[in-house]
Amino acid sequence: MPRPEVSLVIPIFNEEEVLPRLDGRLVALLDALGGLGEVVFVDDGSKDGSLSVLRAMVAARGAVSRALVLA
């Protein structure tokens, strides 16, 4: 598996409402940069549905080769 050229590490804490919008912006950003990129979300113990939203985002992205979601 090739190594990503760009890695974005994003901490998440109670961000359920903004995650879908963030996902769209990140996809656009990585597409604009070209090359191979990855996004690593770190859930810092959210009490809302952030972790569920993150898991759904990862599952929906068929091109994801690696994903890390920490609870």
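From a predicted model like this one, the values you see are computed outputs, not experimental measurements. (Residues numbered from 1 in each chain as written. Predicted model: local features only at pLDDT ≥ 70, side-chain atom pairs only at ≥ 80, totals over all residues. Heavy atoms only, no water.)

Turning our attention to the packing of helix α1 (residues 19-33) against helix α2 (residues 50-60). The interhelical angle for the contact between α1 and α2, taken along N-to-C directions, is 35°, at an axis separation of 10 Å. As for how α1 packs across α2, the hand of that crossing is right-handed. Listed contacts from α2 to Leu19, Pro20 and Asp23 of α1 are Ser50, Val53, Leu54 and Met57. Of the residues that constitute the contact of α1 with α2, the class distribution is 5 nonpolar, 1 polar and 1 charged. (Axes fitted to C-alpha atoms, helices over the stretch in contact; angles between N-to-C directions. Helix = DSSP H or I, 4+ residues; strand = E, 2+ residues; numbered from the N terminus. Left-handed = near helix turned anticlockwise from the far one by under 90°. Contact = heavy atoms within 4.5 Å. Nonpolar A, V, L, I, M, F, W, Y, C, P; charged D, E, K, R; others polar.)

As a further point, take the nonpolar core. Core analysis: the largest hydrophobic core is formed by 8 residues, namely Ile10, Ile12, Leu19, Leu26, Phe41, Val53, Leu54 and Met57. Those elements that provide at least two residues to this core are β1 (6-12), α1 and α2. A per-element tally of this core places α2 first, with 3 residues. (Core = buried A, V, L, I, M, F, W, Y, C linked by side-chain atoms within 4.5 Å. Buried < 20%, exposed > 50% of the residue type's maximum accessible area, 1.4 Å probe, protein only.)

Once that is clear, we can look at the environment of Ser52. Of note, Ser52 is situated in helix α2. Expressed as a C-alpha distance, the spacing of Ser52 and Glu16, which sit 36 residues apart in the sequence, is 8.5 Å.

The element strand β2 (residues 37-43) is extensively covered by neighbouring structure, given that 5 of its 7 residues are classed as buried. Here β1 pairs with β2 via 7 bridges, running parallel. Following the sheet pairing, Ile12 is matched in β2 by Asp43. In this fold, β1 hands off to α1, which returns the chain to β2; that crossover is right-handed. (Pairing = 2+ DSSP bridges. Right-handed = clockwise from strand over helix to strand, strands pointing away.)

Before going further, it helps to spend a moment on the side chain of Glu38. Note on placement: Glu38 falls in strand β2. A distance of 2.7 Å separates the side chain of Glu38 from the side chain of Ser7, its partner in a polar contact. (Polar contact = N/O pair within 3.5 Å; in protein donor to acceptor, adjacent residues only side chain to side chain.)

Our focus in this paragraph is the confidence of the model for the protein. Overall, the prediction assigns the protein a mean pLDDT of 82, with 85% of residues at 70 or greater. Counting interchain partners and residues more than four positions distant, the pLDDT-below-50 stretch residues 64-71 has 17 contacts. (pLDDT = per-residue confidence, 0-100.)

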